[in-house]
Amino acid sequence: MAAAGNWVLLEGLDATITKTATIVPEYLDEDVHIFRPLQFQTQAVVKIAVEPLNPSELPKMVRCILLFPHKFCLLTGPQ
């Protein structure tokens, strides 16, 4: 069990969560409050170009890059 304020990494939840989520036990006697998504007033400071080692994996790489803004709010995809 993690104490309040600590980060916990959970594997396999990204397929069901599209923006934000609050994860709680199935049976909870307390009220649950959902936090609003974080808003960052920043701009990109680093830009990189990537290419797959195996050209046949390009569609898979592009699909993953397009998911970045949904999973990591400070990252932007192809422009």
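Before going into details, it helps to say that this report is about the structure given with it.

Procedures and definitions
Residues numbered from 1 in each chain as written. Predicted model: local features only at pLDDT ≥ 70, side-chain atom pairs only at ≥ 80, totals over all residues. Heavy atoms only, no water. Helix = DSSP H or I, 4+ residues; strand = E, 2+ residues; numbered from the N terminus. Areas by Shrake-Rupley, 256 points an atom, 1.4 Å probe, with all protein chains shown as cover. Buried < 20%, exposed > 50% of the residue type's maximum accessible area, 1.4 Å probe, protein only. Contact = heavy atoms within 4.5 Å.

## Here's the deal with the overall build of the protein
- A count of helices and strands for the protein gives one helix and zero strands.
- Summed over all atoms, the accessible surface of the protein reaches about 8400 Å², with 60% contributed by carbon and sulfur.

## With respect to the environment of Val32
- Considering the arrangement of structural elements, one finds Val32 in the segment before helix 1 (58–71).
- Since its relative accessible area comes to 43%, Val32 is described here as partly exposed.
- With residues up to four places along the chain from it excluded, the contact list for Val32 reads Thr22 and Val24.

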